[in-house]
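An overview of the molecular structure
Here is how the chains run, residue by residue.
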Amino acid sequence: MGLYGIFINPIPSLMYSGIDTFYPGGWDQAMKDQDRLNRENKAINPDFQLFPGAMKQ
């Protein structure tokens with residue numbers, strides 16, 4: 001990711017390293033938290049989509 005940031009685009013590289021460094025538990029915990037949040041939202045609204053329109057039925 002560092003080489004990608006140096007030679008191609010620094011913004012995704014900074015976002016990746018920022019989450020990895022400053023989010024408690026790093027990427028593993030961030031993905032677990034996002035999955036939990038999605039399940040909780042689906043329990044309230046079964047039609048919930050994180051990105052509306054992205055997955056048309």
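For clarity, every value in this text was computed on a predicted model and none was experimentally measured.

1. Some words on the pattern of salt bridges
- Counted by the stated rule, this structure contains 3 salt bridges.
- For lysine 32, the salt bridge identified is with aspartate 28, shortest N-O distance 3.3 Å. Taken together, the residues lysine 32 and aspartate 28, both in helix 3 (residues 26–44) and 4 residues apart, mark about one turn of the helix.

2. Here's the deal with the confidence of the model for the chain
- Residues with a pLDDT of 70 or more make up 89% of the chain, whose mean pLDDT is 86.
- For the chain, helix 1 (residues 2–7) is the element with the lowest average pLDDT, namely 86, and helix 3 is the one with the highest, namely 91.

3. Thoughts on the packing of aromatic side chains
- Applying the stated criterion across every chain yields a total of 1 aromatic pair.
- Plain terms: the ring middles of tyrosine 16 and tryptophan 27 are 5.5 Å apart, the flat faces sit at 20° to each other, and that makes the pair stacked. With tyrosine 16 in helix 2 (residues 10–22) and tryptophan 27 in helix 3, this pair connects stretches of sequence that are 11 residues apart.
- The partly exposed category is assigned to tyrosine 16, whose relative accessible area is 35%.
- According to the relative accessible area criterion, tryptophan 27 is partly exposed, its value standing at 28%.

4. Description of the side chain of serine 13
- Position of serine 13 among the secondary structure elements: in helix 2.
- Of the residues examined, serine 13 reaches a relative accessible area of 12% and is grouped as buried.
- Residues contacting serine 13, with those up to four places away along its chain left out, are Met1, Gly2 and Gly5.

5. Looking at a nonpolar patch on the surface
- Nonpolar side chains collect at one region of the surface, where Met1, Leu3, Tyr4, Ile6, Phe7, Ile8 and Tyr16 lie side by side and expose about 810 Å² of accessible area between them.
- If you tally residues by element for the nonpolar patch, the top one is helix 1, at 4 residues.
- Here isoleucine 6 lies in helix 1.
- With a relative accessible area of 62%, isoleucine 6 lands in the exposed category.

Cut-offs and rules
- Residues numbered from 1 in each chain as written.
- Predicted model: local features only at pLDDT ≥ 70, side-chain atom pairs only at ≥ 80, totals over all residues.
- Heavy atoms only, no water.
- Salt bridge = Lys/Arg side-chain N within 4 Å of Asp/Glu carboxyl O.
- Helix = DSSP H or I, 4+ residues; strand = E, 2+ residues; numbered from the N terminus.
- pLDDT = per-residue confidence, 0-100.
- Phe/Tyr/Trp six-rings, centres within 6.5 Å; stacked < 30°, edge-to-face > 60°.
- Buried < 20%, exposed > 50% of the residue type's maximum accessible area, 1.4 Å probe, protein only.
- Contact = heavy atoms within 4.5 Å.
- Patch = residues over 30% accessible without salt bridge, like charges linked within 9 Å, V, L, I, M, F, W, Y side chains within 5 Å.
- Areas by Shrake-Rupley, 256 points an atom, 1.4 Å probe, with all protein chains shown as cover.

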